[in-house]
Amino acid sequence: MSTPILEVRNLCKSFGGVVAIDNVNIQVAEGEIHALIGPNGAGKTTLISQLSGLLQPDSGNIIFQGKDITGLPPYQFSLAGLARSFQITSVFQELTLADNVALAVQAHAGHAFRFWRNAKKDPALREPAMAYLKQVGLEERAGWLASEVSHGERRQLEIAMALATDPVLLLLDEPMAGMGREESAELIGILKNLRTEKTLLLVEHDMDAVFALADRISVLVYGQVIASGTADEIRNNSKVRSAYLGEDES
Amino acid sequence: MVLLLAVVPYVLYVTGNTFWLDIFTRLVILAIAACGLNLILGLGGLVSFGHAAYIGIGAYAVGIPVYHETYGGMDAIASYNGFVHLGLALLCCAIFAFITGVISLRTRGVNFIMITMAFGQMMFYAIVSIETYGGDDGLTIDLRSELPFINLDSPLSLYGLCYISLLVVVFLTYRIRNSRFGITLQGAKSNEERMNAIGVNCYKYQLTAFVMSGVICGYAGFLLGNFTTFISPEMMDWTRSGEIMFMVILGGAAMLWGPVIGAVLFIVLEFVLSEYTVYWHLPFGLMLIFAVLFLRDGVTGAIHGLSSSGARHQS
Ligand SMILES: Nc1ncnc2c1ncn2[C@@H]1O[C@H](COP(=O)(O)OP(=O)(O)OP(=O)(O)O)[C@@H](O)[C@H]1O
Ligand SMILES: [Mg+2]
């Protein structure tokens, strides 16, 4: 494996007495889709939150593109090229979809100390925003408020916003959560199209999606990585079968 | 609205109702302050409870230089020149807002309300304790600021200046609201975690807005000092901050004309209610609670809603 784009070293995080992340080591290679699976409460979201800077680890390091970014404020993570989507949809409810994405474009277009020009009519923001909406199939909803569209569409908006920050590595926390079959299939298609441009770390419960997309899979159980490897290796791993996949089939 | 505020006071004055012109002047000055507060409260979603301090600073920036020019001392700032007063008002407000903003913007919610209020009260007690400027008893401004072309001793000129200032401030906030800066502020109000996740350091934008907001209130204070010619620490009291907040929230935070409508409502209510009872702050408070609970965008929003739903029914 070439040098990893993201390297997580001995990461630990507890909430009071609960150890959510217990000495985790993960490497994500450039250009791969790396899936992170595990039962409920395994610590997947906690890990993603630390990788996006929104949570500070208790100990351990996060090395991204060869730089140690542990402890930086969250907006620095984003500026460094890490973008995330949220398991619990987190968008700007009172803005239109186009405004939501334009805000993300604007966030990466340099400082916003511009007080005069109408940003809602600025083609430098509008055009890329429309392109990202189109990429996730939402261009027809551009003028709708985020609070008015369906749950599935808000999930797609999450992804458009993450893409709009032009990340190197996308952290997707259960992007298909709560989506219907058709919508999921559509999203799998969208993510497949991304694989040539981006590296993805994908948290997902939907095993069909995981096996359809992932180059490699890491399995997190009780805050520990119990296995890491290709889809076949994971499928045939006895530890994983008993701890996780077995559970899933019942 | 714009026309009403331009024509009515003029007619009133010409027909000899100077009392009413005074009411209008006060109204317009309060509306400017409310627009200033609205920048941080409406656009930024941060409830600052200490904005009367900036009005006070602006007013004392007129009173103190005039006092020294008349009675000697403090040569560096002693002056009747309006530009000196104005410069001092804006500069002091910017500095005070920057220092208090750096600290208070690290907190949110109730803590932010309390800490901004504490800073406001700090300013209040600071002025109370300075005997030279009258302390508790206040300070009479012997001469109004001297400005070229405008004679502030003429009530009509003073009103004209206030009126034009209000228009400028409203237009300014209108531009800011749709600018990248304004949208960043509104994003931080809507979902700060999301802003962080897309790479925005909300703090520096909020701090800038806080300073701008304080400076606008300081400008209102400069006008107020010239209007009343009597200033006292009482104008910095937290209840005064509450009144400006009342205007913004009742009128409709985040609505462009909300603060102006709020200031009109405030003046009308104060006028009507104080006829009946000295405890007129009580119904004020109740109305504010009503507005917060039931009118999301204040009275302005409600009117908007009514007229647009009416339009929908017609179509
Ligand atoms: N802010 C918090 N405070 C206290 N405990 C927390 C907090 N966030 C997570 N936890 C706990 O940490 C553990 C891991 O939670 P986490 O949300 O990371 O799991 P997850 O793998 O994302 O689960 P799911 O599949 O349900 O999304 C759980 O036991 C959870 O209760
Ligand atoms: Mg989770």
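The structure displayed is predicted, hence computed values, not measured ones.

## Side note on the interface of chain B and chain A
One frequently used descriptor of interface size is the decrease in accessible area upon assembly of the parts.
Part 1 of the argument: Taken residue by residue, the interface counts 26 residues in chain B and 35 residues in chain A.
Part 2 of the argument: In total, about 2800 Å² of surface goes out of reach between chain B and chain A, with carbon and sulfur atoms giving 61% of it.
Part 3 of the argument: Broken down residue by residue, the surface that chain B buries against chain A is led by B:Arg180, B:Arg194 and B:Ile198, which jointly contribute 31%.
Part 4 of the argument: Here chain B and chain A share two salt bridges between them.
Part 5 of the argument: Across the pair A:Glu158 and B:Arg194 runs a salt bridge, and its minimum N-O distance is 2.8 Å.
Part 6 of the argument: Joining chain B to chain A, the criterion identifies 19 residue pairs in polar contact (both at pLDDT 80 or more).

## Comments concerning the pattern of salt bridges
Part 1 of the argument: In this structure the tally under the stated criterion is 17 salt bridges over all chains.
Part 2 of the argument: Here A:Arg216 and A:Glu32 are joined by a salt bridge, their closest N and O atoms 3.0 Å apart. Taken together, the positions of A:Arg216 in strand 9 (residues 216–221) and A:Glu32 in the loop between strand 2 (18–28) and strand 3 (33–37) put the pair 184 residues apart, joining distant regions of the chain. Taken individually, A:Arg216 and A:Glu32 each receive the classification buried, so the pair is uniform in this respect.
Part 3 of the argument: The closest approach of N and O atoms between B:Asp153 and B:Arg144, which form a salt bridge, is 3.0 Å.
Part 4 of the argument: Members of the salt-bridge network, linked through shared partners, are A:Arg117, A:Asp122 and B:Arg180.

## Things to note about the site of ligand 1
Residue and element names in this part refer to chain A.
Part 1 of the argument: Around ligand 1 sit 13 residues in total, of which Gly 41, Lys 44, Thr 45, Thr 46 and Gln 87 are the nearest.
Part 2 of the argument: Here an oxygen atom of ligand 1 and a backbone polar atom of Gly 43 are 2.9 Å apart.
Part 3 of the argument: The separation between an oxygen atom of ligand 1 and a polar main-chain atom of Lys 44 is 2.8 Å.
Part 4 of the argument: If you list the elements that add at least two residues to the shell around ligand 1, you get strand 2 and helix 1 (44–51).

## Some words on the domain arrangement of chain A
Residue and element names in this part refer to chain A.
Part 1 of the argument: Split by domain assignment, chain A resolves into domain 1 (1–88 + 166–250) and domain 2 (91–164).
Part 2 of the argument: Domain 1 and domain 2 are separated by 25 Å when their C-alpha centres are compared.
Part 3 of the argument: Domain 1 puts 25 residues into the contact, and the matching count from domain 2 is 15 residues.
Part 4 of the argument: Contact with domain 2 buries area across many residues of domain 1, yet Asp 166, Met 179 and Ile 190 alone supply 27% of it, more than any other trio.
Part 5 of the argument: At the boundary of domain 1 and domain 2, one finds zero salt bridges.
Part 6 of the argument: On inspection of domain 1 and its partner domain 2, the count reaches eleven residue pairs in polar contact (both at pLDDT 80 or more).
Part 7 of the argument: When contributions to the side of domain 1 that touches domain 2 are tallied by element, the ones reaching two or more residues are helix 2 (74–80), strand 6 (82–85), strand 7 (169–173) and helix 6 (181–194).

Rules used in this analysis
Residues numbered from 1 in each chain as written. Chains lettered and ligands numbered in written order. Predicted model: local features only at pLDDT ≥ 70, side-chain atom pairs only at ≥ 80, totals over all residues. Heavy atoms only, no water. Contact = heavy atoms within 4.5 Å. Buried area = accessible area lost by both parts, 1.4 Å probe. Salt bridge = Lys/Arg side-chain N within 4 Å of Asp/Glu carboxyl O. Polar contact = N/O pair within 3.5 Å; in protein donor to acceptor, adjacent residues only side chain to side chain. Helix = DSSP H or I, 4+ residues; strand = E, 2+ residues; numbered from the N terminus. Buried < 20%, exposed > 50% of the residue type's maximum accessible area, 1.4 Å probe, protein only. Near = heavy atom within 4 Å. Domains from an automatic or database assignment.

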